[in-house]
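Structural overview
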Amino acid sequence: MYSLNVPLPSSVGSLAHDLGRRLGATSVRQRGDHTLVAKRLGRGDAARYHELEARARDALADQPPFAVRIAGTDAFLEAESGESPVVYLAVESPGLAALHRRLCEVFDPVEGIEGEDYVPHVTVARGVDPERIADLPERPYEPIEWTVSELSFWDAEHSQSVSTVQLRG
């Protein structure tokens, strides 16, 4: 699956990793493995990727930078896929939400997790004991804020960034 992701500052990855370790989850993402998906674009070979990237670049031609804020922690008790429950860092960003809606007009939303169901987040850990989730503090740290001035085209199959696009608006 290819997606358009928001690059994360190292402070977000460190926070997510440290919180995941404290939760004693069965699956904790390592530093550098955390992502914030703006929109999933689709699957395919290299030729298909280039077509998806071109469509996304066209849609982003006048996209201005936007603010993002890590606002606390939360959990999906039943994830759409993969191991549950999922603890995540909650993201507040009207600009990201608007971008997601705009990209859903160009790329079909993935049922159950995009469109009206989109919850911007950074996954911390999967398979967390539900009793540990109840003890999650609402805000265990100072909020982290940054301005997004570029997006990354992400190849989930290879867990790597393929290219980036600057936001210029």
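Think of each chain on its own: its residues are numbered from 1, step by step along the sequence as written. Owing to the predicted nature of the model, reporting of local features is limited to residues with pLDDT of at least 70; listing and counting of side-chain atom pairs is limited to 80 or more, with chain, interface and lining totals taken over all residues. By convention in this description, side-chain values take in all heavy atoms of the structure and omit both hydrogens and water.

So, unusual backbone geometry
For the peptide bond that leads from S84 to P85, omega is -10 degrees, which places it in the cis range. Strands here are runs of E lasting at least two residues and helices are runs of H or I lasting at least four, both read from the DSSP assignment and numbered beginning at the N terminus. Mapped onto the elements of the fold, P85 is located in the loop between β4 (66-76) and β5 (86-92).

Let's talk about the sheet that holds strand β1 (residues 2-5)
The pairing of strands in a sheet comes from backbone hydrogen bonds and takes either a parallel or an antiparallel form. Strands are labelled as partners when DSSP assigns at least two bridges between them. Overall, antiparallel pairing links the four strands, which are arranged β3-β1-β8-β9 in an open sheet. Looking at the sheet topology across the chains shown, the edges are occupied by β3 (37-42) and β9 (160-166). Shown here is a sheet whose adjacent strand axes are inclined to one another by a mean of 25 degrees, direction ignored. Seen against the sheet, helix α2 (residues 46-59) touches β1, β3, β8 (150-155) and β9 and runs at an angle of roughly 25 degrees to β9. Only heavy atoms enter the contact rule, under which two residues are in contact if any of them lie within 4.5 Å. Each axis is a line fitted through C-alpha atoms, and for a helix only the stretch in contact is used; angles between axes span 0 to 180 degrees, taken between their N-to-C directions. In the packing of helix α3 (residues 94-104) onto the sheet, contacts are made with β1, β3 and β8, and the angle to β3 comes to roughly 15 degrees.

With respect to the confidence of the model for the chain
When pLDDT drops low, the exact placement of atoms in the prediction is not to be read closely. pLDDT measures the predictor's confidence residue by residue and takes values from 0 up to 100. When pLDDT is averaged across the chain, the result is 89; 92% of the residues are at 70 or more. Element-level pLDDT for the chain is lowest in strand β2 (residues 27-28), with a mean of 55, against a maximum mean of 98 in α3.

Points about the side chain of S163
Mapped onto the fold, S163 is located in strand β9. Judged by relative accessible area, S163 falls into the buried class, the value being 17%. Apart from residues no more than four positions distant in its own chain, S163 is found in contact with Y49, E53, R57, L151, S152 and F153. The rule is simple: take the accessible area with a 1.4 Å probe, protein chains only, and divide by the maximum for that residue type; under 20% is buried, over 50% is exposed, in between is partly exposed.

Describing the nonpolar core
Counting 42 residues, the largest nonpolar core has V6, F66, I70, L89, L96 and L151 as the members making the most contacts within it. When residues of this core are assigned to their parent elements, the largest contribution, five residues, is made by helix α1 (residues 10-23). Beyond its immediate sequence surroundings of up to four residues, L151 is in contact with L4, N5, V6, P7, L60, F66, L99, S163, T164, V165 and L167. The term nonpolar core refers to a set of buried residues drawn from Ala, Val, Leu, Ile, Met, Phe, Trp, Tyr and Cys, joined through side-chain atoms within 4.5 Å.

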